[in-house]
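# Overview (structure and organization)
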Amino acid sequence: MDPITLALVSVGLLLLLIFIGFPIGYSLAGAMLIVTVLIGEPGEILYVAEAAFQSLDSVELVALPMFIFMGAIVAVSPAGADIYATLSRLLPLPGSLGISTIGGCALFSAISGSSPATVAAIGSSGVPEMLARRYPPGLACGIVVGGGTLGILIPPSIVLLLYGVVTKTSIGQLFMAGIVPGLLLALMFAVYTGFSMWLHMKRLTPAERSELEAIGLERTRNRGDGSFLRVLPFFALMAVIMIALYGGWATPSEIAAVGATASILLVVFIYRIFDWSVWRELLLKTVRDTSMILIIAAFAYAFSQFLAFHGVVSALTSLFVDAFANRWVTLFALWCLMLVLGCFLPPFAIVVIVAPMFMPFVLQAGFDPVWFGVFVTINMEMGCITPPLGINLFVVKAIARNVEMREIMAGSMPFLGILALGSLIITLFPEIVLFLPSQMR
Amino acid sequence: MTQSKDLDASPAAAVGSESGSDVPGAGILPFLFAMRRVCAFAAVGAATVSAIAICFACLAITWAVFARGIFGLNTIWEMEASVYLLIYAAFLSAAYTDRSGGQIGVRLVTDRLSGRASRIQRLLLDILALALFSLIAYSGWSMFIHSWETGWRSPTVWGPPLWLPHLAIPLGAGLLVVSLVVDIAIRLSGGTIEEPKAEAH
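To start, this report covers the structure provided alongside it. This is a predicted model, so every value here is computed, not measured.

The rules we used
Residues numbered from 1 in each chain as written. Chains lettered and ligands numbered in written order. Predicted model: local features only at pLDDT ≥ 70, side-chain atom pairs only at ≥ 80, totals over all residues. Heavy atoms only, no water. Salt bridge = Lys/Arg side-chain N within 4 Å of Asp/Glu carboxyl O. Buried < 20%, exposed > 50% of the residue type's maximum accessible area, 1.4 Å probe, protein only. Helix = DSSP H or I, 4+ residues; strand = E, 2+ residues; numbered from the N terminus. Disulfide = S-S within 2.5 Å. Phe/Tyr/Trp six-rings, centres within 6.5 Å; stacked < 30°, edge-to-face > 60°. Contact = heavy atoms within 4.5 Å. Polar contact = N/O pair within 3.5 Å; in protein donor to acceptor, adjacent residues only side chain to side chain.

Residue and element names in this part refer to chain A. Counted according to the given criterion, the structure contains nine salt bridges over all chains. For the salt bridge of Arg 133 with Glu 129, the shortest nitrogen-to-oxygen distance reads 3.1 Å. For the residue pair Arg 133 and Glu 129, the accessibility class agrees, reading buried in each case. For the salt bridge of Asp 289 with Lys 285, the shortest nitrogen-to-oxygen distance reads 3.0 Å. Linking Asp 289 with Lys 285, this pair stays in helix H14 (residues 276-309), spanning four residues, or about one helical turn.

Dropping the structure here:
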């Protein structure tokens, strides 16, 4: 079998298995094993456990369960509600509640590495509050769907971490690279939110407008007792972590472990969560996510090694380079491909499958691997919004049960557009991504 | 976020359909459901061990960071041990993760099927998973036997015997194989197993 046929057969089988409902991690292993038999090397399938073991025998991967653990600990605490309550008090004007929500998402992203977790944490207080203050339901949901995507761009990020592991790119540099684009996107989201609320207010009659403002003032006075002081230690912790990473004093795995241990202490001492059933649920969730992601990572890495070994990756690279004479056209083709995959697969699965395959092309075309990591991550953020598997949409739907899915999607589309614009901006000005990592030791 | 039920909590609900003597193989169903409860218990036990492994790895690395940074000690075993603990966490909890719906997949087809078609699809997916994990368990067992018999050690300063981490794969995959065999037997005998809900990631 020539490399291109092999690529088509392997990826075709993989997609077939995934679409009949076989779990993604198993599909990767299954496709690899079936193709191994097809190309006449049935004896090789007996080494599948060794391949999986070698993929997981990595110091960098240690950070993954630790960040998941840390995220789960922070998620059970009322930290999200505290951040939200504080921000909405700081900016009491009607239009700025949406902007506070975006800010809350950006802040929560800095203590969590996952998008749906960010949506759940900020959205569970943010969406009802915005609806109560008569925000257009689509916009209220869209703000949280869009803002939540920042979870995988602003460090720590599970997606950037996996990208670093599978492409052998510095995870510290990737984390640093995510900060400025993350803030830029947050700013763009905020500008859009402010603008659409301004438009919305302009369309209302004066009576409706004063009623809305009265509701806003009334609710601002009656806010709960959420306090930023209680969340402050988490941010102090993250600041120390980022400084340690920036200065090169500790590896991401060490940082993740210290972060998880410190989060346990913070949750116990600040939020006084001692309830064993809460901890049991939290630990089992961590174990479940860890096992799921590590099994995907193990077989995705084995799968991509298998493809590389059989010349598929280099054949694909030359095919890409020949097919489109211009590297920008190729980059656009990759962007479209990842967008389509993003409609069906979760971000980390796409990253572990696709990034090692594209890396040789990326290097050959002269793109920076750290920059490409951020480019891929913004693309994955779009995948969190695109139906049918746009996970953020479902998390928000679970919070705002009375809002139609159609309305949530319509409200989220502008944020999809802003993310696309974000990819364009970092492509035109790669310094936005690369400046901070270039300053690292 | 939708939360799937814990395995140890759901068998009671799943047993609901074991009655009905017109179903072929109904006589064996109570036994199979009892087996299923044993498997679920073992799976939760293994997942708890995995959770302890993750916590221990956090503490070990935190200790290593402070030992190096404050006391200037050399750290030898902490990081390598953590890698192995996480390999254990990944595989030991494989049965729990799989049976409680933690393994994510695309539900485009699954959500559109109902009744008989859905039951057949679930059965086929379980059989595919059984084939895969039997192979992984066998392959892992040979790897363990090889490192056990040759006394193979990790080529690091700490140098632990490699059969220790290698054992994680046959143990974890084996537990999943047994759980799958019981579930497949239940489905073939006409019993119904409540599907865990998919989770958000």
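Residues and elements named next belong to chain A. A complete count under the given rule lists zero disulfides over all chains for this structure. Free of any disulfide, Cys 343 has its nearest cysteine sulfur in Cys 336, 11 Å distant. Looking at Cys 343, the relative accessible area reads 16%, which means it is buried.

Turning our attention to the packing of aromatic side chains. Counted under the stated rule, the structure contains 16 aromatic pairs over all chains. Geometrically, the ring pair formed by Phe 67 of chain A and Phe 175 of chain A is tilted, given 5.9 Å between the ring centres and 55° between the ring planes. Highlighted residues: Phe 67 of chain A in helix H4 (residues 63-76) and Phe 175 of chain A in helix H10 (residues 171-203), separated in sequence by 108 residues. Assigned by exposure class, Phe 67 of chain A and Phe 175 of chain A land together as buried. For the pair Phe 144 of chain B and Trp 163 of chain B, a centre-to-centre distance of 6.2 Å together with 70° between the ring planes defines the contact as edge-to-face. In this pair, Phe 144 of chain B is assigned in helix H5 (residues 115-150) and Trp 163 of chain B in helix H6 (residues 163-166), connecting sequence segments 19 residues apart.

Another point: the interface of chain B and chain A. Taken together, the contact pairs 60 residues of chain B with 63 residues of chain A. There are one salt bridge connecting chain B and chain A. Across the pair Glu 254 of chain A and Arg 68 of chain B runs a salt bridge whose closest N-O atoms are separated by 2.8 Å. Applying the counting criterion to the chain B and chain A interface returns twelve residue pairs in polar contact (both at pLDDT 80 or more). Of all elements in the fold, only helix H2 (29-69), helix H3 (78-92), helix H4 (94-99), H5, H6 and helix H7 (168-188) of chain B reach the threshold of two or more residues within the side of chain B that touches chain A.

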